[in-house]
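Structure at a glance
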Amino acid sequence: MFLVFEGLDGCGKSTLIGNYKTHLEGLGRQVYVTREPGGTPLGEELRSTLLTIKKNADFKISPRAELLLYEASRAQHVDQVIMPKIKEGITVLCDRFTASSVAFQAGGRTLKLQDVDWLNSFATSNCKPKKQVFVDLSYSDCQRRKLGMNQALDRLESEAAEFHNKVYQSYLDQVKQNPKDWLVLDGSLNPDELLKSLIFNLSQLE
Ligand code: TYD
C-alpha cells in the first residue's frame with residue numbers, strides 16, 4: 001500500500017504519519033515512512049537547496065526552476081525508494097507528493113496547472129498512491145495552533161497568509177475534482193482522534 005499525506009504546514013500530518021506507522025507495526029506490517037522533497041540522498045540535497053533558497057530573501061528562485069527541483073526529487077524518490085518498497089510488499093507512507101506541487105506551485109505560485117500535472121506524471125511514471133490523505137486545517141487555524149493563541153496577523157504574516165490561503169484553496173479544489181482519490185480528515189481533531197479517524201476511514205475502503 002502507498003499512502004500520501006497532504007496539508008498545510010502545522011496541520012498535524014507528520015504526527016499522524018508517525019502514529020499510523022506505530023499502529024501498523026503493532027499489527028505486524030512492515031512500514032516505510034518517507035517525505036518530499038527528500039527521501040533519497042539526491043532528494044535530500046535538493047531539499048536542503050530548496051529550503052535554503054526559500055529562506056534567503058536576497059535571491060528569488062524562478063517558479064519554474066522551483067517546480068523542476070521538486071519534480072527531480074520526486075522522480076528519484078519514485079525510482080529509488082517508492083516503487084521498490086511497494087514491490088517488496090512494504091507499506092509506504094509519504095509526507096507530501098504530487099498534490100503538493102499542484103497546491104504550492106500551481107495554486108500558490110500560479111504556474112499553469114496543466115504544466116504541473118504533466119510534470120507530475122512524468123516524474124512519477126504514473127505511480128499513484130492508493131489514497132491521498134488531506135489533513136484539513138486552514139492556514140489561520142494552523143497558525144493559531146503554532147502560536148497557541150488567537151491573535152490577528154500583522155502585515156507581513158498576512159502576505160504569507162495570502163499565499164498559504166491559495167495553497168489551501170488548491171487542496172480543496174483538488175479534493176472536489178477527484179473525490180475518489182482523497183480521504184479528508186478533520187485537522188482540528190486531537191492526534192488520537194485523528195488516528196482513529198484515519199483507521200476508520202481506511203477500513204471502510206477495504
Ligand atoms: P517542510 O519543512 O517539509 O514543510 P512541511 O512540514 O509543511 O511539509 O518543507 C517542505 C516545503 O516544500 C513545504 O513548504 C511545502 C513545499 N513543497 C512544495 O512547494 N512543492 C512540492 O512539490 C513539495 C513536495 C513541497
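In the block above lies the structure referred to throughout.
Attention in this report is confined to the structure presented alongside it. (Residues numbered from 1 in each chain as written. Predicted model: local features only at pLDDT ≥ 70, side-chain atom pairs only at ≥ 80, totals over all residues. Heavy atoms only, no water.)

By size, the foremost hydrophobic cluster in this structure holds 32 residues, and its most contacted members are Phe5, Leu16, Tyr20, Tyr171 and Leu198. Here the element with the most residues in this core is helix 7 (residues 155-177); it accounts for six residues. Excluding residues that lie within four positions of it along the chain, Phe5 makes contacts with Lys13, Leu16, Ile17, Tyr20, Leu93, Cys94, Asp95, Arg96, Val133 and Leu198. Residues Phe2, Ile82, Phe97 and Cys127 belong to the second largest nonpolar core, which totals eight residues. (Core = buried A, V, L, I, M, F, W, Y, C linked by side-chain atoms within 4.5 Å. Buried < 20%, exposed > 50% of the residue type's maximum accessible area, 1.4 Å probe, protein only. Helix = DSSP H or I, 4+ residues; strand = E, 2+ residues; numbered from the N terminus. Contact = heavy atoms within 4.5 Å.)

Let's shift gears to the packing of helix 4 (residues 98-108) against helix 5 (residues 113-124). How two helices pack is summed up by the angle between their axes together with the distance between the axes. At a minimum axis separation of 10 Å, helix 4 and helix 5 run at an interaxial angle of 155°. Relative to helix 5, helix 4 is oriented roughly antiparallel. Between helix 4 and helix 5 the crossing geometry is right-handed. For the pair helix 4 and helix 5, the contacting residues are Thr98, Ser101, Val102 and Ala106 in the first and Leu113, Val116, Asp117, Asn120 and Thr124 in the second. (Axes fitted to C-alpha atoms, helices over the stretch in contact; angles between N-to-C directions. Parallel < 35°, antiparallel > 145°, perpendicular 65-115°, else oblique. Left-handed = near helix turned anticlockwise from the far one by under 90°.)

Counting through the fold element by element, Ile90 comes out in the loop between helix 3 (63-87) and strand 3 (91-95). Note on Ile90: relative accessible area 7%, which makes it buried. On a C-alpha basis, the gap between Ile90 and Arg29 in space is 7.7 Å, while along the polypeptide they are 61 residues apart.

Around the ligand sit 14 residues in total, of which Lys13, Arg47, Arg96, Ser101 and Gln105 are the nearest. Take Asp9: an N or O atom from its side chain is 3.5 Å from an oxygen atom of the ligand. In the model, an oxygen atom of the ligand is placed 2.9 Å from a nitrogen or oxygen of the Lys13 side chain. Relative to its unbound accessible area of 540 Å², the ligand is 83% covered by the protein chains. Contributions of two or more residues to the shell around the ligand are made by helix 2 (41-55), helix 3 and helix 4. It is helix 4 that provides the largest number of residues to the shell around the ligand, a total of four residues. Of the residues assigned to the shell around the ligand, the class counts are four nonpolar, three polar and seven charged. (Near = heavy atom within 4 Å. Polar contact = N/O pair within 3.5 Å; in protein donor to acceptor, adjacent residues only side chain to side chain. Areas by Shrake-Rupley, 256 points an atom, 1.4 Å probe, with all protein chains shown as cover. Nonpolar A, V, L, I, M, F, W, Y, C, P; charged D, E, K, R; others polar.)

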